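Remarks on the overall topology
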Amino acid sequence: MGDSAGGPPSEYRSENRTAGHSGGASEAGRDDTVRYYGRSKVVGADTSAIPEPTAADHDSRETMTAQPQPPDPPTDYATVATPSGAAPVEPDVSSRTDPGNESLGPTQEAQEDSPSSPTAAVDENGVAAALPADDDLPLAMEAMRAVQILNPSGEVTMPRPARPRIICVANQKGGVGKTTTTVNLAVALALHGNRVLVIDLDPQGNASTGLNVPHHAGVPDIYDCLVDSVPLVDVAQPVEGIPNLTCVPATIDLAGAEIELVSVVARESRLARAIAAYPREFDYLFIDCPPSLGLLTVNALVAAREVLIPIQCEYYALEGLNQLLSNISMVRAHLNPNLEVSTILLTMYDRRTRLADAVEQDVRNHFGDKVLQSVIPRNVRVSEAPSYGQSVMTYDPGSRGAASYFEAAQEIAERGAKWGENER
Ligand code: ADP
Ligand code: MG
């Protein structure tokens, strides 16, 4: 829905500043949008901001606790599965039988489900398909999906790109899902037959933790490659349990790199050089950036061909995006003409808030088909997984979080395969 905004970064700023007006909205429409934002901001998960009253009894914040019971209503999964990515207002029948609900006991699940959508289920599928059958069907389907995600045969089910794809996962905001996205996409692609390398470029070393790769002080890491020109292959470590996946860890040493690199020759292209000298073949290389736009992120942008920007579906998530985009333009103009923002991924989506929907629409209006159809819901399994040194793909492959990252990885792989065809 465009007005003047065709997507260039500079125009995004004005759009962003107007708190989510979507392009040529009428005055009335504009007022509405602003009210959505205002209301959501003030009341948070207030039921007045929630399209479905039955979904209102869970606070999204509960998802962050370690409780095994998922606060998200099962209908949430419909959001992920909906090709348009838009949050459906009515509960979808498919979501009732969808296995994407978290790993609940069947009773628990039925209890959560039954008040919200029996009518819809009966309407479309008749009584037989309604309530009691849910007791086992979702679990069976969940198990099937888990097998699909884990792909025990290891065959190539996600197409390999025609040439290696180097993807920088960047957003200078912290906590938007950069690391979670890097880890889960990397594992998903590796489980499905792609050779994947992850470079942890954040001194916090969260990607290394998430992949269970040692990164305590003293472990050779990406710092050694950037500052002391140690070959990448010497510090890369295989990720246990995931064939085809390798990780270059970050230790706390990397915290000093921003300053130490300042005096190093060709300081912006240290990472690019290290990658160019990497002797092993790979299909995907993900670089997990720190939450800043400093020299480390610049190194990642110079080394990469693509940028993947995770955007959290929250109000402030859009602020600062313009700065990132203008940095990308600068790098493209001076250091890396091939760089492009190829992928936007909406993360931590909570469909019960209109705010999330408004943010999604806003982002889709501006970035068009760069935005993946798959949207990552806020899901407790996703946040639990790192504490077990795992991705959600292996920690709970039947969860909605795993399913949505799996779908995102599939989309990325399929798009890449298409680009490859076009180039040939
Ligand atoms: P960043 O790397 O951008 O700082 P992270 O990937 O570390 O962000 O995510 C920030 C926090 O949010 C982490 O605790 C992570 O476990 C949690 N998180 C990320 N994605 C989700 C999700 N889809 N659902 C729930 N929690 C999530
Ligand atoms: Mg991170």
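Residues numbered from 1 in each chain as written. Chains lettered and ligands numbered in written order. Predicted model: local features only at pLDDT ≥ 70, side-chain atom pairs only at ≥ 80, totals over all residues. Heavy atoms only, no water.

**A few points about the environment of alanine 317**
Put simply, the test is: Put simply, DSSP marks the helices as runs of H or I at least four residues long and the strands as runs of E at least two long, and each gets a number from the N terminus on.
Inspection of the secondary structure puts alanine 317 in the loop between strand 6 (306-312) and helix 15 (321-334). Alanine 317 sits 143 residues away from glycine 174 along the chain, and the two C-alpha atoms are 9.6 Å apart.

**A few points about the nonpolar core**
The line we're drawing: In this description, a nonpolar core means a group of buried Ala, Val, Leu, Ile, Met, Phe, Trp, Tyr and Cys residues linked to one another through side-chain atoms lying within 4.5 Å. The classification of residues rests on relative accessible area computed with a 1.4 Å probe and restricted to protein chains. Under 20% of the type maximum is buried, over 50% is exposed, and intermediate values are partly exposed. The contact definition used throughout considers only heavy atoms, calling two residues in contact when any of these lie within 4.5 Å.
Membership of the largest hydrophobic core comes to 60 residues, with the highest contact counts inside it found for Ile199, Ile222, Leu271, Ile275, Ile287 and Ile309. Here this core takes seven residues from helix 14 (residues 295-303), the largest share from any one element. Among residues more than four places away in sequence, those in contact with isoleucine 275 are Ile166, Ile199, Leu232, Phe282, Leu285, Ile287 and Ala303. Of all hydrophobic cores here, the second largest spans 38 residues; its members include Val183, Ala207, Cys247 and Val392.

**Concerning the sheet that holds strand 1 (residues 165-169)**
Put simply, the rule reads: Strands are labelled as partners when DSSP assigns at least two bridges between them. Structural elements are reduced to axes, namely lines fitted to C-alpha atoms, with helices fitted over the stretch in contact, and the angle between N-to-C directions of any two is expressed from 0 to 180 degrees.
Strand order in the open sheet formed by seven strands is 3-4-2-5-1-6-7, with mixed pairing between adjacent strands. At either margin of the open sheet sits one strand with a lone partner, and together these are strand 3 (237-238) and strand 7 (340-347). Here strand 2 (residues 196-200) runs beside strand 5 (residues 284-288); their pairing, made up of five bridges, is parallel. Bridging from a neighbouring strand, leucine 197 pairs with leucine 285 of strand 5. Strands in contact with helix 14 are strand 1, strand 5 and strand 6; relative to strand 1, the strand with the most contacts, it is inclined by about 155°. Set on the sheet, helix 16 (residues 354-367) makes contact with strand 6 and strand 7; between it and strand 7 the angle comes to about 170°.

**So, the site of ligand 1**
The condition that has to hold: Proximity is defined per residue: if any heavy atom of the residue lies within 4 Å of a molecule or strand, that residue is considered near it. Within 3.5 Å is the distance limit for a polar contact, defined as a pair of N or O atoms, with the added protein rule that one can donate a hydrogen and the other accept it, and that residues adjacent in sequence qualify only through two side-chain atoms. In short, Shrake-Rupley with a 1.4 Å probe defines the accessible areas, and a residue's cover is counted only from the protein chains shown. Gly is put with the polar residues, along with every residue not named as nonpolar or charged; the nonpolar set is Ala, Val, Leu, Ile, Met, Phe, Trp, Tyr, Cys and Pro, and the charged set is Asp, Glu, Lys and Arg.
For ligand 1, the set of nearby residues contains 15 residues, the closest of which are Gly175, Lys178, Thr179, Thr180 and Asn379. Glycine 175 is positioned such that a nitrogen or oxygen atom in its backbone is 2.7 Å from an oxygen atom of ligand 1. The separation between an oxygen atom of ligand 1 and a polar side-chain atom of threonine 180 is 2.5 Å. Burial of ligand 1 by the protein amounts to 83% of the accessible area it has alone, namely 560 Å². Listing elements by their share of the shell around ligand 1, those giving two or more residues are helix 8 (178-191) and helix 17 (380-384). For the shell around ligand 1, the leading source of residues is helix 8, giving three residues. Taken together, the residues of the shell around ligand 1 break down into six nonpolar, seven polar and two charged.

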